[in-house]
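Structural features, examined
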Amino acid sequence: MDRLMPMLPAGLPGDAKWPNIVYLRLLAPQFLSGYTRLIYLDADVLCMKADPKVWGLALPSGLAMVSDYATLDRAPHDLKGMPRRAWLDSIGVKSERYANSGMLLIDPAVFAAHNFARLLPDYFARHPAAVRYDQDFLNSVFDGVWTELGPRFNYQATILEAGYTKAIDPVFVHFCRRQKPWWGQEDNWFSPTDPLYTEAYDRVLSNAGFDPQTYRRPNYVKFERRIKYAFYRWLGTRGIKVAREGRTIADWQRRSDFLYEFLNQGLRSGRFADESRTAIPRTAETPWFDGRFVKTWGNPLHKASSAG
């Protein structure tokens, strides 16, 4: 840290979500040249298991990443309404490919050959619309030449509830959403995250000698909204569907279908360097509406049916 911070050029953009410390991951590999491969993970990534296969992958450009699933079929939230092609142009990406930087597989010898400290100020001077900062920068520098990994190495919050967790069998789960699982589980419609991830973080913290309660951060949904969502859920248990349920289920189905097509096209074409499969089956998960979100786990109607 003490060696890296002085190397950062002055005046780089940042904010509370993306402080300037995020740029240090670009500079660190030059001090780790004794390694042939490095993995960088964001702080909100949970490792589910090991997969040593990744260490042997060829990295011609020096970098492997996973596509950013939030921006595949629509413009990003911070540029709502802008067509995807126009958005990519605005951040200096000529190809159609855009990756999430929460997990990076790096060949330090090739990666560190780029003079990032020199390139950063010029990039942001030319691309002020790059509000995802070093992620946009990486996608521009390695435009279209980064090695693509399948979603199992960066299983993002955008697709957590799409019904393909079992088929994908993730190595790293990336909680790139506002609510983090180590903050605790709340049944007040704040986040659709499966409680198994909260339980996993509780075990990790407890095994490390920390009290999970120390990291709890209550988040509250307004009382009026809780009443509305509870009413919607109650109607659903009686077979009465409100308009919101139909719209939410339809949007879930569209995103689930898009993911299925994207993954299978990638598997058929050999797009994912870590995959040997040529297809995955359609999800057998049944989506249900909890009053606010669509979920594929914890359906109370299934539990009631099993109990009966």
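This section reports on the structure supplied with the text. (Residues numbered from 1 in each chain as written. Predicted model: local features only at pLDDT ≥ 70, side-chain atom pairs only at ≥ 80, totals over all residues. Heavy atoms only, no water.)

1. Focus: the overall build of the protein chain
For the protein chain, the count of helices and strands is 10 helices and 9 strands. On the principal axes, the C-alpha backbone points of the protein chain span a range of 65 × 45 × 40 Å. Residue burial in the protein chain is summarised as follows: out of 308 residues, 49% are buried. Of all intrachain contacts in the protein chain linking residues separated by at least 6 positions in sequence, the fraction that spans at least 24 positions is 70%. Accessible surface for the protein chain amounts to roughly 15,600 Å². Of this, 57% is attributable to carbon and sulfur atoms. Separation of charge centres in the protein chain, based on 41 positive and 33 negative side chains, amounts to 4 Å. (Helix = DSSP H or I, 4+ residues; strand = E, 2+ residues; numbered from the N terminus. Buried < 20%, exposed > 50% of the residue type's maximum accessible area, 1.4 Å probe, protein only. Contact = heavy atoms within 4.5 Å. Areas by Shrake-Rupley, 256 points an atom, 1.4 Å probe, with all protein chains shown as cover. Lys, Arg positive; Asp, Glu negative; His and termini not counted. Charge placed at Lys NZ, Arg CZ, Asp CG, Glu CD.)

2. Some remarks on the packing of aromatic side chains
Scanning the entire structure with this criterion turns up 18 aromatic pairs. Seen from their ring centres, W18 and Y133 are 6.3 Å apart, and the 75 degrees between their planes marks the pair as edge-to-face. Here W18 is found in the segment before α1 (24–27), whereas its partner Y133 is found in helix α5 (residues 133–141), with 115 residues between them in sequence. For W18, a relative accessible area of 15% corresponds to the buried category. Considering the side-chain rings of F210 and Y215, the 6.5 Å spacing of their centres and the 80 degrees angle between planes classify their relative orientation as edge-to-face. We classify Y215 as partly exposed; its relative accessible area is 33%. Here the aromatic residues Y23, F111, F116, Y123, F124, F137 and F142 are joined through ring pairs into a cluster of three or more. The cationic tip of R97 hangs over the ring face of W146; the distance from NZ or CZ to the ring centre is 3.9 Å. (Phe/Tyr/Trp six-rings, centres within 6.5 Å; stacked < 30°, edge-to-face > 60°. Lys NZ or Arg CZ within 6 Å of the ring centre and 35° of its normal.)

3. Overview of the pattern of salt bridges
By the definition in use, this model includes 23 salt bridges. As a salt-bridge pair, R277 and E275 come within 2.8 Å of each other at their nearest N and O atoms. Connected through salt bridges with shared partners, the residues R84, R85, D89 and E96 form a single ionic network. (Salt bridge = Lys/Arg side-chain N within 4 Å of Asp/Glu carboxyl O.)

4. Here's the deal with a nonpolar patch on the surface
A cluster of nonpolar side chains, contributed by F31, L32 and Y35, occupies part of the molecular surface with about 280 Å² of accessible area. Its location among the elements puts Y35 in the loop between α1 and β1 (38–41). (Patch = residues over 30% accessible without salt bridge, like charges linked within 9 Å, V, L, I, M, F, W, Y side chains within 5 Å.)

5. Quick notes on the sheet that holds strand β7 (residues 172–174)
Each strand in a sheet pairs with its neighbour through backbone hydrogen bonds, running either in the same direction (parallel) or in the opposite one (antiparallel). Here we have 3 strands laid out as an open sheet, ordered β2-β7-β6, and mixed in their pairing. On the outer flanks of this sheet lie β2 (45–47) and β6 (155–156), each paired with one strand and no other. (Pairing = 2+ DSSP bridges.)

6. Section: the pairing of strand β4 (residues 99–106)
Along β4, 8 of the 8 residues are buried, which leaves the element largely enclosed by surrounding structure. For strand β3 (residues 63–67) and β4, the ladder comprises 4 bridges, and the chain directions are antiparallel. For V66, the partnering residue across the bridge sits in β4 and is N100.

7. Some points on the packing of helix α4 (residues 116–126) against α5
Two elements in contact, α4 and α5, have axes whose closest approach is 11 Å; the angle formed by their N-to-C orientations is 105 degrees. The orientation of α4 with respect to α5, classified from their angle, is roughly perpendicular. Touching F116, L119, L120, Y123 and F124 of α4 are Y133, D134, D136, F137, S140 and V141, all from α5. Class assignment for the residues of the contact of α4 with α5 results in 8 nonpolar, 1 polar and 2 charged. (Axes fitted to C-alpha atoms, helices over the stretch in contact; angles between N-to-C directions. Parallel < 35°, antiparallel > 145°, perpendicular 65-115°, else oblique. Nonpolar A, V, L, I, M, F, W, Y, C, P; charged D, E, K, R; others polar.)

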